[in-house]
Amino acid sequence: WVERTRALNETRKSIIGIVLYLPVPNHMYLRSNKIFEYMEAGIPVLFSNFEDWKHRLDDFNVGLSADPTDPNDIANQILWILDNPAEANKMGVNGSKTIVSTFNWDIEKNKLIDLYMKIIQNEK
């Protein structure tokens, strides 16, 4: 076990965060905490090219997607990030900004509270 702040600081030393789950039903709509941790750390993310993941992340330009079953595609995406450090850095900065503006508890808690309120109102 590593304290959260230390883990985040260690992650920031990385060039890329890789989250490549295989395309099995349990993974296709998963919200991987690791993706958001890499974004918070300000490093570009290489993630599985699942439609749900691409839909959630592509607009924010936080990294690249790859076919998790294709080693050549994975290698090509990693090489692109390594060969384009300025763009990779922008992706990392975009990730940090996106965590602050979109994917954080202060924003998500309101969605959860709204859902609970709708449920409560429907039960009355």
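Residues numbered from 1 in each chain as written. Predicted model: local features only at pLDDT ≥ 70, side-chain atom pairs only at ≥ 80, totals over all residues. Heavy atoms only, no water.

### Notes on the overall build of the chain
Here is step 1: Summing up its helical and strand segments, the chain has seven helices and three strands in all.
Here is step 2: Across the 124 residues of the chain, 29% fall into the buried class.
Here is step 3: A total accessible area of about 8300 Å² is found for the chain, and carbon and sulfur atoms account for 55% of it.
Here is step 4: In the chain, 14 positive and 17 negative side-chain charges are present, and the distance between their average locations comes to 7 Å. (Helix = DSSP H or I, 4+ residues; strand = E, 2+ residues; numbered from the N terminus. Buried < 20%, exposed > 50% of the residue type's maximum accessible area, 1.4 Å probe, protein only. Areas by Shrake-Rupley, 256 points an atom, 1.4 Å probe, with all protein chains shown as cover. Lys, Arg positive; Asp, Glu negative; His and termini not counted. Charge placed at Lys NZ, Arg CZ, Asp CG, Glu CD.)

### So, the pattern of salt bridges
Here is step 1: Under the counting rule described, the total for this entry stands at nine salt bridges.
Here is step 2: Glu37 is the salt-bridge partner of Lys34, the closest N and O atoms lying 2.8 Å from each other. Pair noted here: Lys34 and Glu37 are both in helix H3 (residues 33–41), with a separation of three residues, about one helical turn.
Here is step 3: Glu37 gets classed as partly exposed once you look at its relative accessible area, which sits at 30%.
Here is step 4: A salt bridge links Lys90 to Glu87; its shortest N-O distance comes to 3.3 Å. With a gap of three residues between them, Lys90 and Glu87 both fall in helix H6 (residues 85–101), about one helical turn apart.
Here is step 5: According to the relative accessible area criterion, Lys90 is partly exposed, its value standing at 47%.
Here is step 6: Looking at Glu87, the relative accessible area reads 31%, which means it is partly exposed.
Here is step 7: Members of the salt-bridge network, linked through shared partners, are Arg31, Asp52 and Arg56. (Salt bridge = Lys/Arg side-chain N within 4 Å of Asp/Glu carboxyl O.)

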